[in-house]
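Here is how the chains run, residue by residue.
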Amino acid sequence: METTLNKDNIFSLSATVDSMKGKSSLHRLFRKEIIDNRKLLMMELATAWGACILFGCLLGFYGRGGGFSELAAFYFIIELIACIFGSMIFSDMKNKKGRISTLMLPASAADKFFIRWLFTVPLMAVVGIIGYYLGDLSRLFIAWLSNQRVGSEAYHQVLNPFTLFFDYDTLYLALLGTATYFFMQSVYILGGIVWPKLSFLKTFALFYCLEIIFGIASLFFIRIWSEDHLFRISPKNETTILTFILIFLVILTLCFYWLTYRRFKNSEVIYRLF
Amino acid sequence: MLIVKDLTYSYRKHSLPVLRNLSLQISPGSICGLLGKNGAGKSTLLYLISGLLKPKSGTISFGIFTPWERNVNFLNDIFLVPEEFELPNITLKEFLSTTAPFYPNFSMSDLERHLATFELDADVHLGQLSMGQKKRVFVSFALACNTSLLLLDEPTNGLDIPGKRLFRKAVLNGMNDNRTIIISTHQVYDVEKIIDHVIITESNGILLDSPILDITSRLRFRNTPNREEASKALIALDAPGGFNIVELMDGDKEETNVNLESLFELVLSNPSVVKSVFES
């Protein structure tokens, strides 16, 4: 029996394969990720943007928007979506079949990890920013449709979240918000490689247990140090404390990326927690 | 050359090893049948050879590579077809355009040849294929990658009777002097005609590691209706019309084809006799 690939297809496919052989491993992985997982990627885009648009429409419907609280709500939604998708970064490794095809693909662990990181972290951040603008525009559109008359001028404009970075009063807030976004996502990315199944829920449960313990311990020590006059939050040292927190979050985020990579590199065909 | 030396592996720290002090060498240019009972560690051995598991002790080397390091050049030159695998939900052409470039020796003309051997249409959507058809496509792709080491884990599972025949044809077509193919199976009839080297394992190590030529020069395999002959044989298995027997080769007798099932039973039931036969 003859195969039904006609000559044009054979030559064009051969040419594609040959040209791709000359490209870098990252290039090939990037292309493979997009083609193999295009449905999943489209679904992620639709979910992220759909959630933002839906939320924007609700804000518009109820005549809200243009303020910090709405911006914070958008931030929370985008953060949640980033964490959910972050926890799915290694979802193809949840069973033996997926682990084999991932681990046996001829590319270095660093390249494979980097491509996943690229899609999950920077590209997801861009998707989140676009989602925010789509959501705020949807809010304005709904407000325009319903011909609302709300007094605030800000309500009738798209709020640019990047302005927070250019005002000294809000700079730390913006930086902390950004650092927290990436930190939280890195926690869920690490959770994604530690628990390939139900990783979001498991990471959520563990992280909040740890956060409660950490919060209680912090309050306890701050109180003791305050009583001993060793520590006091004042406008003078507030900036220093915020800077420390910022650096701490950045270092932790980088550590979590590194731990995720190490765990991925040492993955085996069978799942091991330790 | 694939060299495994004193390999020990257990899935958990304190559990019994699946493989213990296993050593073997496989030269290029051979199709090796890896046989063993269920749970003998055949798949585990393939995973260790392909770097998907880290040995607890002992070493594995393939050329200059240590599999567990999963060096890109090693991964370029090895292909594992697991018993169960996943293919993306895309067309075969898309699959080829995304996956074939990772294998420097991939040949489109070889793929066409293997697909033709398997009587497959190349314009297919991988998500719409049955398990057997997926296996045909994947084995064709694996052969077309022209890797030096090809590991096939239970490759005939899921194939229909014509599929098994075509599989044997495709493997023989895809074989060359620089290539090593290891086929792990418990369906001995499916690979009997194509392998030129047999390894029979159990958890305590290798029970038999021998080229087919060596086996046929030492043992004779035949069917006999004679009960007395059967009683004198090394092993006799009930078969239609009498017994399948294995007996020692006499110098003047003609060599026979290996009956893998009989050999397998002989090795498992009487390893010490087999050892003495092959050491003499």
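The preceding data block contains the structure.
Let me begin by describing the structure that accompanies this report. Since this is a predicted model, take the numbers as computed values, not measurements.

## Some words on the overall build of chain A
Inference 1: Along chain A, the regular secondary structure elements total 10 helices and 0 strands.
Inference 2: Tracing chain A from N to C terminus, the helices and strands come up as α-α-α-α-α-α-α-α-α-α.
Inference 3: Over its C-alpha atoms chain A spans a radius of gyration of 23 Å, topping by over 25% the 19 Å that the globule rule assigns to 274 residues.
Inference 4: Reported as C-alpha extents along the three principal axes, the dimensions of chain A are approximately 80 × 55 × 30 Å.
Inference 5: For chain A, buried positions account for 39% of its 274 residues.
Inference 6: Taken as a whole, chain A presents about 15600 Å² of accessible surface, with 72% of it coming from carbon and sulfur.
Inference 7: One way to put it: in chain A the 26 positive side-chain charges average out to a point 11 Å from where the 19 negative ones average out.

## Side note on the overall build of chain B
Inference 1: Regarding its fold elements, chain B presents 11 helices and 12 strands.
Inference 2: The globule rule puts the C-alpha radius of gyration for 280 residues at 19 Å, and the 20 Å found for chain B is close to it.
Inference 3: By its C-alpha atoms, chain B is 60 × 45 × 35 Å across when sized along the principal axes.
Inference 4: For chain B, with 280 residues in total, the buried portion stands at 56%.
Inference 5: Excluding contacts between residues fewer than 6 apart, the proportion of contacts in chain B whose partners are at least 24 apart in sequence is 68%.
Inference 6: With 27 positive and 33 negative side-chain charges, chain B shows a separation of 5 Å between the mean positions of the two kinds.

## Examining the sheet that holds strand 12 (residues 242-248) of chain B
Residues and elements named next belong to chain B.
Inference 1: Spatially, 10-12-11 is the arrangement adopted by the 3 strands of the open sheet, whose pairing is antiparallel. Because the sheet does not close on itself, it has two edges, and the strands there are strand 10 (219-224) and strand 11 (235-239). For this sheet, the mean angle separating the axes of adjacent strands, direction not counted, is 20°.
Inference 2: Where strand 10 meets strand 12, 6 bridges bridge the pair, whose relative direction is antiparallel. Its bridge partner being in strand 12, Thr224 is matched across the sheet by Phe243.
Inference 3: Relative to strand 11, helix 10 (residues 260-269) is tilted by about 135°, and along the sheet it contacts strand 10, strand 11 and strand 12.

## Some remarks on the side chain of Asn244(B)
All names here are of chain B.
Inference 1: Secondary-structure assignment places Asn244 in strand 12.
Inference 2: For Asn244, a relative accessible area of 17% corresponds to the buried category.
Inference 3: Only 3.0 Å separates the side chain of Asn244 from the side chain of Asn223, close enough to count as a polar contact.

## Quick notes on the interface of chain A and chain B
Inference 1: Each side of the interface is counted separately: chain A has 41 residues, and chain B has 45 residues.
Inference 2: Of the roughly 3800 Å² buried between chain A and chain B on both sides combined, carbon and sulfur atoms contribute 63%.
Inference 3: Put simply, chain A and chain B have 10 residue pairs in polar contact (both at pLDDT 80 or more) between them.
Inference 4: Listed by contribution, the elements that provide at least two residues to the side of chain A that touches chain B are helix 1 (7-21), helix 2 (25-36), helix 3 (38-61), helix 5 (96-104) and helix 10 (235-265) of chain A.
Inference 5: Sort the elements by how many residues they give to the side of chain A that touches chain B and helix 1 of chain A lands first, with 8 residues.
Inference 6: Within the side of chain A that touches chain B, the residues separate by chemical class into 17 nonpolar, 11 polar and 13 charged.

## Examining the packing of helix 4 (residues 68-87) of chain A against helix 8 (residues 168-194) of chain A
Residues and elements named next belong to chain A.
Inference 1: Following both chains from N to C, one finds helix 4 and helix 8 inclined at 25°, their axes separated by 7 Å at the closest point. The pairing of helix 4 with helix 8 is recorded here as roughly parallel in orientation. The chirality of how helix 4 crosses helix 8 is right-handed. Across the interface between the two elements, Phe68, Tyr75, Ile78, Glu79, Ala82, Cys83, Gly86 and Ser87 of helix 4 pack against Leu173, Gly177, Thr180, Tyr181, Met184, Gln185, Tyr188, Ile189 and Gly192 of helix 8.

## Topic: the sheet that holds strand 2 (residues 19-26) of chain B
Residue and element names in this part refer to chain B.
Inference 1: Pairing is antiparallel across the open sheet formed by 3 strands, whose spatial order is 2-1-4. Edge positions in the sheet fall to strand 2 and strand 4 (57-62), since each of these pairs with one other strand and no more. Taking the axes of each pair of neighbouring strands and ignoring which way they run, one obtains an average angle of 15° across the sheet.

## Let's talk about the pairing of strand 8 (residues 197-202) of chain B
Residues and elements named next belong to chain B.
Inference 1: Counting buried residues in strand 8 gives 5 out of 6 residues, a clear majority hidden from the surface.
Inference 2: Of the strand pairs in this sheet, strand 3 (residues 31-36) and strand 8 are connected by 5 bridges, and their pairing is parallel. Residue Leu35 lies in a different strand from strand 8, and its bridge partner there is Ile200.
Inference 3: Inspection of the sheet shows strand 8 paired to strand 9 (residues 205-211) by 6 bridges, in the antiparallel sense. Within strand 9, the position partnered with Thr201 by the bridge is Ile206.
Inference 4: Two successive antiparallel strands, strand 8 and strand 9, enclose a turn made up of 2 residues.

Scoring rules and cut-offs
- Residues numbered from 1 in each chain as written.
- Chains lettered and ligands numbered in written order.
- Predicted model: local features only at pLDDT ≥ 70, side-chain atom pairs only at ≥ 80, totals over all residues.
- Heavy atoms only, no water.
- Helix = DSSP H or I, 4+ residues; strand = E, 2+ residues; numbered from the N terminus.
- Rg over C-alpha atoms; globule rule 2.2 N^0.38 Å.
- Buried < 20%, exposed > 50% of the residue type's maximum accessible area, 1.4 Å probe, protein only.
- Areas by Shrake-Rupley, 256 points an atom, 1.4 Å probe, with all protein chains shown as cover.
- Lys, Arg positive; Asp, Glu negative; His and termini not counted.
- Charge placed at Lys NZ, Arg CZ, Asp CG, Glu CD.
- Contact = heavy atoms within 4.5 Å.
- Pairing = 2+ DSSP bridges.
- Axes fitted to C-alpha atoms, helices over the stretch in contact; angles between N-to-C directions.
- Polar contact = N/O pair within 3.5 Å; in protein donor to acceptor, adjacent residues only side chain to side chain.
- Buried area = accessible area lost by both parts, 1.4 Å probe.
- Nonpolar A, V, L, I, M, F, W, Y, C, P; charged D, E, K, R; others polar.
- Parallel < 35°, antiparallel > 145°, perpendicular 65-115°, else oblique.
- Left-handed = near helix turned anticlockwise from the far one by under 90°.

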